[in-house]
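# Structural overview
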Amino acid sequence: MKKTIRDYDLSNKKVLIRCDFNVPMKDGVITDDYRIQSSLPTIQYALDHGAKVILLSHLGRIKEESDKAKNDLKPVAVRLSELLNQEVLFIPETRGKELEDAIAHMNEKDVILIQNTRYEDLDGKKESKNDPELGRYWASLGDLYINDAFGTCHREHASNVGIASHLPSGIGFLVEKEIENIEQVVANPERPFTVILGGAKVSDKIKVIENLVTKADHILIGGGMAYTFLKSLGYEIGTSLLDTESIEFCKEMLKQYPDKIVLPTDHYVSDSTEGVGTLKKVEETEPTDMGLDIGDQTISQFTDLIKQSHTVIWNGPVGLFENPSFQKGTIALCEAMKQVEGKTVVGGGDTASAVQSLGYQSYFTHISTGGGASLELLEGKQLPGITCISEK
Ligand code: AMP
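Fair warning: this is a prediction, and the values are worked out from it, not measured in the lab.

## Section: the environment of Ala-102
- Tracing the backbone shows Ala-102 in helix 4 (residues 97–104).
- What makes Ala-102 buried here is its relative accessible area of 15%.
- Expressed as a C-alpha distance, the spacing of Ala-102 and Val-213, which sit 111 residues apart in the sequence, is 52 Å.
- Excluding its chain neighbours within four sequence positions, the residues that come into contact with Ala-102 are Leu-89, Ile-91 and Ile-112.

Structure (structure tokens):
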């Protein structure tokens, strides 16, 4: 078991907390502060226990000098200050005298936010390649390291693995919640356990399928992914998404697990992603049809299995939900999830955006804050940002 922030005496300690403030921004304005809100419990806990809180986060990617201005973390400091109802001192540098002086003058319950850790990427990708000197330097600024940035736990960066190699460390509440609701739920699900997989490409989710097919009772496949499975059975799929290199994999999975994997029997098709849908059985698909949402019979079959389940994990929307004409399936599954007596978990990325944009977020047990990281947990992998944390 990994240590958590609760395992340390924080009083008067300089606590470095790696947060995930990688929020969407437009012209310097934060368009969705979900990630900032999600980091509050850990920051507030540290403040309530008398810590001096030093926050680090990345924002976007910094490949050239001109990327800096649009990925400046200052607006996050302003929003965080409003949410915490106290001053958050923003240091516009990732290292140097201004930062060191500010930390030296901190009192208990003060908060500092350091500039975007990826500003260090301009000089030889020091953050993203876990430059040992950078990790050591950031560690020298604190007494204790807490990782609460789930979204980067699948990466080995200076601001997570680098710092953790030099300080006593723990996970924050957000990372703890992600582990409990994804890793531990997959390891020990209450049955029946159903997995819904959708989204665009099979190839992105091969390892998820391989890991979960052995653990789940049902795997419901929808979205663009379903067409490579249907193609492997010989169906006409028209102009629907096809992942040619995954056809053999799909064929093999269907051969090995014919009773577990459930495919759509009907769908809404159109001649373009901008069009409106026509309901067809999958065997009626024509060469000009593009399948863009699951059909009514499939909705009914999927919702029956979902409602009977005691654990449901969902990764990938089952239709092109960005176009309202193809939201029906994803909305119907959200409705079914409301009725599950047990845990309902949504993987990060597009599924989380779909559930949030459709207004269903409060009905789920857990919506992951990390796309790639949640996918890697579903693949059964150990995440370097968690592995590096001190054991209890
Ligand atoms: P992923 O990141 O793999 O979960 O893919 C999410 C994307 O898949 C979303 O943008 C959806 O609009 C898209 N998607 C879902 N179903 C389909 C479909 N039938 N055809 C094309 N795109 C789809």
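## Things to note about the packing of aromatic side chains
- Across all of its chains, the model carries three aromatic pairs by this definition.
- Ring geometry for Tyr-45 versus Phe-173: centroids 5.2 Å apart, planes at 80°, classification edge-to-face. Remark: Phe-173 occurs in helix 7 (residues 173–187) and Tyr-45 occurs in helix 1 (residues 34–48); sequence separation between them is 128 residues.
- Here Phe-173 falls in the buried class, since its relative accessible area comes to 18%.
- Measuring from centroid to centroid gives 6.0 Å for Tyr-360 and Tyr-363, while their planes differ by 55°, and the two rings are tilted.
- Note that Arg-95 overlies the ring of Tyr-137, its terminal NZ or CZ placed 5.6 Å from the centroid.
- The ring of Tyr-363 has Lys-338 lying over it, and the distance from NZ or CZ to the ring centre is 4.5 Å.

## Considerations on unusual backbone geometry
- The step from Arg-191 to Pro-192 runs through a cis peptide bond, and the omega angle for that step is 0°.
- Backbone geometry places Asp-27, a non-glycine residue, at a positive phi of 50°.
- Among the secondary structure elements, Asp-27 is positioned in the loop between strand 2 (25–26) and strand 3 (29–30).
- Residue Asn-130 is not a glycine yet carries a positive backbone phi of 55°.
- By the element assignment, Asn-130 lies in the loop between strand 6 (111–114) and helix 5 (132–139).
- Judged by relative accessible area, which is 17%, Asn-130 ranks as buried.

## Some points on the domain arrangement of the protein
- Domain annotation of the protein identifies domain 1 (5–175) and domain 2 (189–378).
- Each of domain 1 and domain 2 has a C-alpha centre, and the two are 36 Å apart.
- Contact with domain 1, which involves eight residues of that partner, is made by 10 residues of domain 2.
- Summed over the shared surface of domain 1 and domain 2, the number is zero salt bridges.
- Summed over the shared surface of domain 1 and domain 2, the number is one residue pair in polar contact (both at pLDDT 80 or more).
- For the side of domain 1 that touches domain 2, the element with the most residues is helix 1, which contributes three residues.
- Taken together, the residues of the side of domain 1 that touches domain 2 sort by class into three nonpolar, three polar and two charged.

Each value, and the rule that gives it
- Residues numbered from 1 in each chain as written.
- Predicted model: local features only at pLDDT ≥ 70, side-chain atom pairs only at ≥ 80, totals over all residues.
- Heavy atoms only, no water.
- Helix = DSSP H or I, 4+ residues; strand = E, 2+ residues; numbered from the N terminus.
- Buried < 20%, exposed > 50% of the residue type's maximum accessible area, 1.4 Å probe, protein only.
- Contact = heavy atoms within 4.5 Å.
- Phe/Tyr/Trp six-rings, centres within 6.5 Å; stacked < 30°, edge-to-face > 60°.
- Lys NZ or Arg CZ within 6 Å of the ring centre and 35° of its normal.
- Domains from an automatic or database assignment.
- Salt bridge = Lys/Arg side-chain N within 4 Å of Asp/Glu carboxyl O.
- Polar contact = N/O pair within 3.5 Å; in protein donor to acceptor, adjacent residues only side chain to side chain.
- Nonpolar A, V, L, I, M, F, W, Y, C, P; charged D, E, K, R; others polar.

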